[in-house]
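# Examination of the molecular architecture
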Amino acid sequence: YCQSKQIIDHRDTWAKNRERFFLKDSKNRKFLEEVENSIVFVTLDEEEYGCGSEEITKFQQNMLTGNGMNRWADKSMNFVIDKSGCAGGNSEHSI
């Protein structure tokens, strides 16, 4: 789900896109293997979310979803660091 474009990628479409853009492309397949075999995923965001009490809701939302394209939801641990050094993260609860 991408907030900015309101796109929902259904599971069958997701599987076709995974094969087309990752598994059939040798360079992307290599990067996908690196991500899938890693222990954690670290995102260095160019945005600045702010960690103050006024910005906490925006900060929390961005730790979970980012812009809808820059988080790896299937990874058990995700750490996110914004432009100012404010950091947070999320984890997959089912591990």
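First, a word on scope: everything that follows refers to the structure included in this document. These numbers were taken from a predicted model, which means no experiment stands behind them. (Residues numbered from 1 in each chain as written. Predicted model: local features only at pLDDT ≥ 70, side-chain atom pairs only at ≥ 80, totals over all residues. Heavy atoms only, no water.)

Our next topic: a nonpolar patch on the surface. Taken together, the side chains of Ile39, Val40, Val42, Leu44, Phe79 and Ile81 define a hydrophobic patch exposed on the protein surface, amounting to about 550 Å² of accessible area. Put simply, the parts of the chain that give the nonpolar patch at least two residues each are β1 (41-44) and β2 (77-81). Structurally, valine 40 can be placed in the loop between α2 (26-36) and β1. (Patch = residues over 30% accessible without salt bridge, like charges linked within 9 Å, V, L, I, M, F, W, Y side chains within 5 Å. Areas by Shrake-Rupley, 256 points an atom, 1.4 Å probe, with all protein chains shown as cover. Salt bridge = Lys/Arg side-chain N within 4 Å of Asp/Glu carboxyl O. Helix = DSSP H or I, 4+ residues; strand = E, 2+ residues; numbered from the N terminus.)

Within the element layout of this structure, aspartate 45 appears in the loop between β1 and α3 (56-65). Beyond its immediate sequence surroundings of up to four residues, aspartate 45 is in contact with Asn70, Arg71, Val80, Ile81, Asp82 and Lys83. (Contact = heavy atoms within 4.5 Å.)

Attention shifts here to the packing of aromatic side chains. The geometry of an aromatic ring pair is captured by two quantities: the separation of the ring centres and the angle between the planes. Evaluated as defined, the whole model comprises zero aromatic pairs. Taking the ring centre of tryptophan 14 as reference, the NZ or CZ of arginine 11 above it sits at 4.4 Å. (Phe/Tyr/Trp six-rings, centres within 6.5 Å; stacked < 30°, edge-to-face > 60°. Lys NZ or Arg CZ within 6 Å of the ring centre and 35° of its normal.)

We now examine the environment of methionine 77. Structurally, methionine 77 is set in strand β2. In this structure the C-alpha to C-alpha distance between methionine 77 and asparagine 90, which are 13 residues apart in sequence, comes to 6.1 Å.

Right, let's get into the pairing of strand β3 (residues 87-91). Regular strands place side chains that alternate from one sheet face to the opposite one. Where β2 meets β3, five bridges bridge the pair, whose relative direction is antiparallel. In the sheet register, methionine 77 faces β3, and the bridge partner there is serine 91. (Pairing = 2+ DSSP bridges.)

Our next topic: the sheet that holds β2. Strand order in the open sheet formed by three strands is β1-β2-β3, and the pairing between neighbours is mixed. Each of the sheet's edge strands pairs with one partner strand only, and the pair in question is β1 and β3. The average undirected angle you get between the axes of adjacent strands in this sheet is 20°. Contacts between α3 and the sheet are confined to β2 and β3, with β3 contributing the most and set at about 50° to the helix. (Axes fitted to C-alpha atoms, helices over the stretch in contact; angles between N-to-C directions.)

At a minimum axis separation of 7 Å, helix α1 (residues 11-23) and α2 run at an interaxial angle of 110°. One element, α1, and the other, α2, form an angle in the roughly perpendicular class. Judged by residue contacts, Arg18, Phe21, Phe22 and Leu23 of α1 engage Asn28, Arg29, Leu32 and Glu36 from α2. A per-class count over the contact of α1 with α2 returns four nonpolar, one polar and three charged. (Parallel < 35°, antiparallel > 145°, perpendicular 65-115°, else oblique. Nonpolar A, V, L, I, M, F, W, Y, C, P; charged D, E, K, R; others polar.)

Geometry only, nothing functional implied.
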